[in-house]
Amino acid sequence: MAEEKHMREAIRLSLEMMLAGKGGPFGAVVVKNGEIVGIGYNQVTSTNDPTAHAEVVAIRDACKNLDTYQLDDCEIYTSCEPCPMCLGAIYWARPLRVYYGNTKEDAKAIGFDDQFIYEELEKKLNERSIPMLPMLRNEALKAFEAWQENDQKKEY
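On a predicted model such as this, the values are computed, not experimentally measured, just so you know. (Residues numbered from 1 in each chain as written. Predicted model: local features only at pLDDT ≥ 70, side-chain atom pairs only at ≥ 80, totals over all residues. Heavy atoms only, no water.)

S.K.: A description of the nonpolar core should follow, citing residues and the corresponding values.
M.R.: The nonpolar side chains of a soluble globular protein tend to be buried, and buried together. The biggest cluster of nonpolar side chains holds 16 residues, and the ones touching the most others in it are Val30, Ile59, Ala62, Leu71 and Ile76. For this core, the secondary-structure elements that each account for two or more residues are strand 1 (27-32), helix 3 (54-66), strand 3 (74-80) and helix 4 (84-93). Counting residues per element, this core draws most heavily on helix 3, at five residues. With eight residues, the next largest nonpolar core counts Ala10, Val29, Val31 and Tyr41 among its residues. (Core = buried A, V, L, I, M, F, W, Y, C linked by side-chain atoms within 4.5 Å. Buried < 20%, exposed > 50% of the residue type's maximum accessible area, 1.4 Å probe, protein only. Helix = DSSP H or I, 4+ residues; strand = E, 2+ residues; numbered from the N terminus.)

S.K.: Explain the side chain of Asn42 to me, using residue names and the numbers behind them.
M.R.: One can find Asn42 in the loop between strand 2 (35-41) and helix 2 (44-47). At 3.0 Å, the side chain of Asn42 and the backbone nitrogen of Gly24 are in polar contact. Within the structure, Asn42 has its side chain in polar contact with the backbone nitrogen of Val44 (distance 3.2 Å). Among all residues touching Asn42, those that are not within four sequence positions of it are Lys22, Gly23, Gly24, Phe26, Ala52, His53 and Ala54. (Polar contact = N/O pair within 3.5 Å; in protein donor to acceptor, adjacent residues only side chain to side chain. Contact = heavy atoms within 4.5 Å.)

S.K.: Please give an account of the side chain of Gln43 that cites residues and values.
M.R.: Structurally, the position occupied by Gln43 is in the loop between strand 2 and helix 2. Looking at Gln43, the relative accessible area reads 17%, which means it is buried. Ignoring sequence-local partners within four residues, the contact set of Gln43 consists of Lys22, Asn48, Ala52 and Val57.

S.K.: Provide a residue-level description of the layout of surface pockets, including the pertinent values.
M.R.: There is about 360 Å³ of room inside the largest pocket. Lining the largest pocket are 24 residues, and of these Phe26, His53, Cys83, Phe112 and Asp114 lie nearest its centre. Listed by contribution, the elements that provide at least two residues to the lining of the largest pocket are helix 2, helix 3, helix 4, helix 5 (104-109) and helix 6 (115-122). Residues of the lining of the largest pocket, tallied by class, amount to 13 nonpolar, six polar and five charged. In this model, the second largest pocket occupies a volume close to 210 Å³. Of all elements in the fold, only helix 4 and helix 6 reach the threshold of two or more residues within the lining of the second largest pocket. (1 Å grid on protein atoms, 1.4 Å probe; cavity = no way out; pocket = protein on both sides within 12 Å on 5 of 7 lines; lining within 4 Å. Points joined across faces, edges and corners; volume = space filled by probe spheres on them. Nonpolar A, V, L, I, M, F, W, Y, C, P; charged D, E, K, R; others polar.)

S.K.: I'd like to hear about the packing of helix 3 against helix 4, residue by residue, with values.
M.R.: One can describe the packing of helix 3 onto helix 4 by two numbers: an axis separation of 8 Å at closest approach and a directional angle of 25°. When the interaxial angle is binned, helix 3 and helix 4 end up roughly parallel. Once helix 3 is placed against helix 4, the crossing between them reads as left-handed. Of the residues in helix 4, those touching helix 3 at Glu55, Val56 and Ile59 are Met85, Cys86, Ala89, Ile90 and Ala93. Residues that form the contact of helix 3 with helix 4 fall into these classes: seven nonpolar, no polar and one charged. (Axes fitted to C-alpha atoms, helices over the stretch in contact; angles between N-to-C directions. Parallel < 35°, antiparallel > 145°, perpendicular 65-115°, else oblique. Left-handed = near helix turned anticlockwise from the far one by under 90°.)

Have a look at this one:
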């Protein structure tokens, strides 16, 4: 079965690259028309980039390879249920579906607990553990106004 082959590749990446010291035990691939068009594995600690999760890296790789900013007609296979950041990236990339191996509960059991982020998202801005402070909105709105008036914009 093709789906299992692709999931096994994501799982292989998660184990191989973790053992190679690249980062946590997470791997992902993006597939289009049965072919892998993007690969990713966790590179948080090897690149000092907190956004270098497997799914984000795979999405970036696939978009580069396909010369697009959306993954229409693609599938993502990831070794673990996506965290909130990766879930957001997946929705922005707009693939057809996501297959995952481990659950977020499995990840929590080995020290990767994202529950606090889900809880933070439910809080009002002024109640979050990292302060979210509005500033210079009127000046910032100028870029949004220019976007609305821009006849050359590429909507996404």
